[in-house]
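Survey of secondary and tertiary structure
As a plain string of letters, each chain reads:
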Amino acid sequence: AQKVTQAQTEISVVEKEDVTLDCVYETRDTTYYLFWYKQPPSGELVFLIRRNSFDEQNEISGRYSWNFQKSTSSFNFTITASQVVDSAVYFCALSGANTGNQFYFGTGTSLTVIP
Amino acid sequence: DVKVTQSSRYLVKRTGEKVFLECVQDMDHENMFWYRQDPGLGLRLIYFSYDVKMKEKGDIPEGYSVSREKKERFSLILESASTSQTSMYLCASSQGEGFAYEQYFGPGTRLTVT
């Protein structure tokens, strides 16, 4: 079974604080992909990152970084020095080689950055 | 840039009406998807299509049907709208072997059934 859990429903931080969004996944596939998406108040989901199961290197893109750990089945997302524009709902998603084209999304974490 | 467009941002329909939601992508993607998004439930897959005239049921297909007559267009049909189908509907597309590639989303259609 494929499953993604985002245990944090809502998070509030003050601007310039660092914040980590947790994502825990379950899969039986050995080949799988993990994704993060951002959904700002406008509603359109924006793709942020894709990571495959064979690449455990952490990734940094500006203020964003991602920590992939297969040992704990986690793919956490950290925003450094948060800004008001980071306020959005963030979704983690999983797809696997044996699940066809289907993505499995977590229920999302709503991040509010307070100025 | 990939562009996925949806025919309406907001739609209000009456119970029992037949509703069409249209989605068009301009990147020649093979795969297209329809999701509904509800608070606390995340995104749930209704149907997807991996080729013209091909379709597969997702997790919640009941009460919906789809049509893909052209590669760039994927339509979601509510045969007889009910209030339980009030939701945000999101269309997405992806290339090739869909599981390995990111999906690109449209802006969404917020449907209210009264």
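A few points on the structure. (Residues numbered from 1 in each chain as written. Chains lettered and ligands numbered in written order. Predicted model: local features only at pLDDT ≥ 70, side-chain atom pairs only at ≥ 80, totals over all residues. Heavy atoms only, no water.)

1. Points about the environment of Tyr104 of chain B
Residues and elements named next belong to chain B. Within the element layout of this structure, Tyr104 appears in strand E10 (residues 104-105). Between the alpha carbons of Tyr104 and Ser94 there is a distance of 6.4 Å; along the sequence they are 10 residues apart. Looking at Tyr104, its side chain comes within polar contact range of the side chain of Glu102, at 3.0 Å. (Helix = DSSP H or I, 4+ residues; strand = E, 2+ residues; numbered from the N terminus. Polar contact = N/O pair within 3.5 Å; in protein donor to acceptor, adjacent residues only side chain to side chain.)

2. Here's the deal with the pairing of strand E10 (residues 88-96) of chain A
All names here are of chain A. A large share of E10 lies buried, amounting to eight of its nine residues. Note: strand E5 (residues 32-39) against E10, eight bridges, orientation antiparallel. Each residue of the ladder has a partner; that of Leu34, found in E10, is Leu94. Pairing of E10 with strand E12 (residues 109-114), which is carried by three bridges, proceeds in the antiparallel orientation. What sits directly across from Ala88, in E12, is Leu111. Here E10 pairs with strand E11 (residues 104-105) via two bridges, running antiparallel. Each bridged residue has a counterpart across the sheet, and for Ala93 the counterpart in E11 is Phe105. (Buried < 20%, exposed > 50% of the residue type's maximum accessible area, 1.4 Å probe, protein only. Pairing = 2+ DSSP bridges.)

3. Some remarks on the environment of Val66 of chain B
All names here are of chain B. Mapped onto the elements of the fold, Val66 is located in strand E7 (residues 64-70). When its relative accessible area of 8% is taken as the criterion, Val66 is described as buried. Here the alpha-carbon distance between Val66 and Lys55, two residues 11 residues apart in the chain, equals 7.6 Å. Val66 has contacts with Trp34, Tyr47, Lys55, Phe74, Ser75, Leu76 and Ile77, leaving out every residue within four places of it along the chain. (Contact = heavy atoms within 4.5 Å.)

4. A closer look at the sheet that holds strand E3 (residues 19-25) of chain B
All names here are of chain B. In space, the four strands of this open sheet follow the order E1-E3-E8-E7, with antiparallel pairing throughout. A single partner strand is all that each edge strand has here, and the edge strands are strand E1 (4-6) and E7. Neighbour-to-neighbour, the strand axes of the sheet open up by a mean angle of 20 degrees, direction not taken into account. With six bridges connecting them, E3 and strand E8 (residues 73-78) associate as antiparallel partners. Following the sheet pairing, Leu21 is matched in E8 by Leu76. (Axes fitted to C-alpha atoms, helices over the stretch in contact; angles between N-to-C directions.)

5. What to know about the state of the cysteines
Put plainly, a disulfide is one covalent bond tying together the sulfur atoms of two cysteines. Counted under the stated rule, the structure contains two disulfides over all chains. With a sulfur-sulfur separation of 2.0 Å, Cys23 of chain A is cross-linked through a disulfide to Cys92 of chain A. Disulfide Cys23 of chain A-Cys92 of chain A: the torsion about the S-S bond is -65 degrees, which places it as left-handed. Here Cys92 of chain A lies in strand E10 and Cys23 of chain A lies in the loop between strand E3 (19-21) and strand E4 (24-26), a separation of 69 residues in the sequence. Looking at Cys23 of chain A, the relative accessible area reads 0%, which means it is buried. In this model Cys23 of chain B forms its disulfide with Cys91 of chain B; the gap between the sulfur atoms is 1.8 Å. Its S-S torsion of approximately -80 degrees makes the covalent link between Cys23 of chain B and Cys91 of chain B left-handed. (Disulfide = S-S within 2.5 Å.)

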